[in-house]
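Next come the chains, spelled out residue by residue.
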Amino acid sequence: MSGATAPKGAVAFYFLKYKIKSVKYSEKMIFQVLWGLMKQSKLFTKTRKDAPADEVSKNAELLIRGGFVNKEMAGVYSYLPLGLRVMNKISNVIREEMDAIGGQEVKMTVLQDSDVWQKSGRWSDEVVDNWFKTKLKNDTEIGLGFTHEEPLTALLKNHISSYKDLPVYPYQIQAKFRNETRAKSGVMRGREFLMKDMYSFSRNEAEHLAFYERVQNAYKKIYTRLGVGHLTYMTFASGGTFSKYSHEFQTITGAGEDLIYVDEETGIAVNQEVLNDEVLKDLNLSREKLVEHKAVEVGNIFTLGTKFSEPLQLNFKDEEGKEQKVFMGSYGLGPSRIMGTIVEVLSDDKGIIWPKEVSPFHVHLISLNENEKANELYETLKKAGIEVLFDDREANAGEKFADSDLIGIPVRVVVSKRSLEEGGYEMKSRTEEKGKILQEEGLLKELKDYVFQTL
Ligand code: ATP
Ligand code: MG
């Protein structure tokens, strides 16, 4: 069966790709055409006026009210259709930038065998205070992964033996579990949350450092694409045995739990944890010029050296045939925390304002008792590969606009008796008070320019 259908599918895909390339659209468009549509009357989630009384964080409050997430318990959130679309878009931006620097995606297991963690000394609850542990039927204790240095290092023993096998950069985007003491920051501090964790395995420190710098640049691109680049600083933070500093990426927000000090002239930032005279001298900073900000750690990159390759014996033979330890780094980044951060820093009193790259849809099409005309436009936008949330519900204008502001899609198109009388459709950005009337052709051109300009 599969033998007969596979080639057919492959040919069809090739043909589609070929056709679309011939009109200068990328493969991404195929993806969009296939997944970018939703009628709001069919969407099972409803918006709500109030968040649960026990929800104290702004990000969770808005995400719950907009129907993006559901709170299961403190620090534990389910992702609903709109929220999952945002999360997948965030993850895809990260995935693209990790692939661009040579990353290879994997998916490790959540369930952890204690053996490898015992070898590194991180199984003990005295060393790691936020383990979730559970037991098999036969009473064997196992853990739920809070990070994956140990199992990945152990796994790579099966694949690395020579200098020819290095460097490699596996990464995953996967649920992590941490028994956080305080979980009052909504999706910014989950007990179950999504993390992108990449690990680098290099021959030596020089090779490691060259890659470390590439990751720094990739991270900067990621935060810019996710709409928080202007508020995010690469920040000197505490290092380990193999490097004096690690680098955190900190986004300035009152909702953050960290304090950072920024030299606005040079853009150099330091975490309060490591701020002392020696560090100031190291970085050539003067204390008077530093500005204090509350911030949230949205990423952290770390030189690990042989901290894990040594106890887990991940070695390779160098060019002279001598046994060496692999030199490692780790690179964390939290899609769920970033989603919360975007909401914290890019919202107003009416609701969320999603940046284009992560908005659940490109356009919110709203019909005010003009479903027939709006449906025609919906079909046209669909053919153009634009992702549309179509509010075809029976509801009044006030309700529809309030929901639209809360959900926060950056572009809104309204089809109403008035817009049709004025000659077309009203297009308005989420942050503007007043929109403009455009005829179909003009509207389509503006939307296409907007949607596809950076693809
Ligand atoms: P924090 O100091 O805020 O607890 P951390 O330093 O323990 O964070 P890392 O181990 O460096 O976090 O994890 C890598 C990334 O994963 C973080 O930079 C952050 O983006 C994300 N992250 C960590 N903990 C959480 C959490 N509880 N909820 C959501 N995201 C998280
Ligand atoms: Mg960290």
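This text gives an overview of the structure that appears in the document.

Let's talk about the site of ligand 1
Ligand 1 sits among 15 residues. The nearest are Glu-180, Arg-189, Gly-190, Glu-297 and Arg-337. In the model, an oxygen atom of ligand 1 is placed 2.6 Å from a nitrogen or oxygen of the Glu-297 side chain. Going through the elements one at a time, β9 (192-202), β14 (290-305) and β17 (327-333) are the ones with two or more residues in the shell around ligand 1. Of all the elements, β14 adds the most residues to the shell around ligand 1, at four residues. Taken together, the residues of the shell around ligand 1 break down into five nonpolar, five polar and five charged.

Structural notes on the sheet that holds strand β24 (residues 436-438)
Taking strand neighbours across the sheet as the criterion, the six strands line up as β1-β21-β20-β22-β23-β24 in an open arrangement whose pairing is mixed. Of all the strands in the sheet, the pair left with one neighbour each is β1 (37-39) and β24. Neighbour to neighbour, the strand axes of the sheet diverge by 25 degrees on average, direction disregarded. As paired elements, β1 and strand β21 (residues 388-391) share three bridges and run parallel to each other. Bridging from a neighbouring strand, Lys-39 pairs with Phe-390 of β21. Running over the sheet, helix α10 (residues 371-383) touches β1, β20 (363-367), β21, β22 (411-415) and β23 (425-429) and is turned about 175 degrees from β21.

Details of the packing of helix α3 (residues 58-65) against helix α9 (residues 335-345)
The geometry of α3 relative to α9 is characterised by a closest axis approach of 8 Å and an angle of 95 degrees between their N-to-C directions. One way to sum up the angle between α3 and α9 is to call them roughly perpendicular. Touching Lys-58, Asn-59, Leu-62 and Leu-63 of α3 are Met-339, Gly-340, Val-343 and Glu-344, all from α9. Looking at the contact of α3 with α9, its residues break down into four nonpolar, two polar and two charged.

So, the nonpolar core
If you look at the biggest cluster of nonpolar residues, it comprises 51 residues, and the most contacted ones within it are Leu-63, Phe-68, Met-98, Tyr-219, Met-339, Ile-342 and Trp-354. Excluding its chain neighbours within four sequence positions, the residues that come into contact with Leu-63 are Phe-68, Val-69, Val-187, Met-339, Val-343, Ile-352 and Trp-354. Residues Leu-365, Ala-374, Val-411 and Leu-438 belong to the second largest nonpolar core, which totals 22 residues.

Things to note about the sheet that holds strand β5 (residues 111-113)
Backbone hydrogen bonds are what pair the strands of a sheet, in a parallel or an antiparallel way. The antiparallel open sheet is built from three strands, whose spatial order is β5-β7-β6. Strands with a single pairing partner mark the edges of an open sheet, and in this sheet they are β5 and β6 (132-135). For this sheet the average axis-to-axis angle between neighbouring strands, irrespective of direction, equals 40 degrees. Pairing between β5 and strand β7 (residues 141-144): three bridges, direction antiparallel. Bridge pairing in β7 links Asp-113 to Ile-142.

Digging into the coordination of the magnesium ion (ligand 2)
Protein coordination at the magnesium ion (ligand 2) comes from Glu-297 (OE), Glu-297 (OE) and Asn-300 (OD1), with a distance range of 2.4 to 2.8 Å. Owing to a relative accessible area of 24%, Glu-297 belongs among the partly exposed residues under this scheme.

Considerations on the environment of Ala-183
Tracing the backbone through its elements, the reader meets Ala-183 in the loop between β8 (170-177) and β9. Take Ala-183: its relative accessible area is 14%, and that puts it in the buried class. Once the C-alpha coordinates of Ala-183 and Pro-360 are considered, the two residues, 177 residues apart in sequence, prove to be 26 Å apart. Not counting residues within four places of it along the chain, the set of residues in contact with Ala-183 comprises Ala-74, Gly-75, Arg-189 and Arg-191.

Overview of unusual backbone geometry
As a rule of thumb, non-glycine residues mostly have phi less than zero, and peptide bonds are mostly trans rather than cis. Here the bond from Leu-166 into Pro-167 is cis, since omega is 0 degrees, no more than 30 degrees from zero. Turning to its location among the elements, Pro-167 is positioned in the loop between α6 (149-156) and β8. With a phi angle near 55 degrees, Asn-369 is a residue other than glycine that sits in the positive phi range. Here Asn-369 lies in the loop between β20 and α10. With a relative accessible area of 76%, Asn-369 lands in the exposed category.

Quick notes on the packing of aromatic side chains
Scanning the entire structure with this criterion turns up 14 aromatic pairs. Here Tyr-378 and Phe-390 contribute two aromatic rings whose centre-to-centre distance is 4.9 Å and whose plane-to-plane angle is 35 degrees, an arrangement assigned as tilted. Within this pair, whereas Tyr-378 is found in helix α10, its partner Phe-390 is found in strand β21, the two being separated by 12 residues in sequence. Take Tyr-378: its relative accessible area is 5%, and that puts it in the buried class.

Quick word on the pattern of salt bridges
This structure, assessed with the given rule, holds 35 salt bridges. Linking Asp-54 and Lys-71 is a salt bridge whose minimum nitrogen-to-oxygen distance equals 3.8 Å. Placement of Asp-54 in the loop between β1 and α3 and of Lys-71 in strand β2 (residues 69-73) is noted, with a sequence separation of 17 residues between them. Across the pair Asp-391 and Arg-393 runs a salt bridge, and its minimum N-O distance is 2.9 Å. We classify Arg-393 as partly exposed; its relative accessible area is 22%. Residues joined by salt bridges that share partners form a network here, namely Glu-96, Glu-97, Lys-221, Arg-225 and Glu-357.

Criteria and thresholds
- Residues numbered from 1 in each chain as written.
- Chains lettered and ligands numbered in written order.
- Predicted model: local features only at pLDDT ≥ 70, side-chain atom pairs only at ≥ 80, totals over all residues.
- Heavy atoms only, no water.
- Near = heavy atom within 4 Å.
- Polar contact = N/O pair within 3.5 Å; in protein donor to acceptor, adjacent residues only side chain to side chain.
- Helix = DSSP H or I, 4+ residues; strand = E, 2+ residues; numbered from the N terminus.
- Nonpolar A, V, L, I, M, F, W, Y, C, P; charged D, E, K, R; others polar.
- Pairing = 2+ DSSP bridges.
- Axes fitted to C-alpha atoms, helices over the stretch in contact; angles between N-to-C directions.
- Contact = heavy atoms within 4.5 Å.
- Parallel < 35°, antiparallel > 145°, perpendicular 65-115°, else oblique.
- Core = buried A, V, L, I, M, F, W, Y, C linked by side-chain atoms within 4.5 Å.
- Buried < 20%, exposed > 50% of the residue type's maximum accessible area, 1.4 Å probe, protein only.
- Donors = N, O, S within 2.8 Å, 3.2 Å for Na, K, Ca; no water.
- Phe/Tyr/Trp six-rings, centres within 6.5 Å; stacked < 30°, edge-to-face > 60°.
- Salt bridge = Lys/Arg side-chain N within 4 Å of Asp/Glu carboxyl O.

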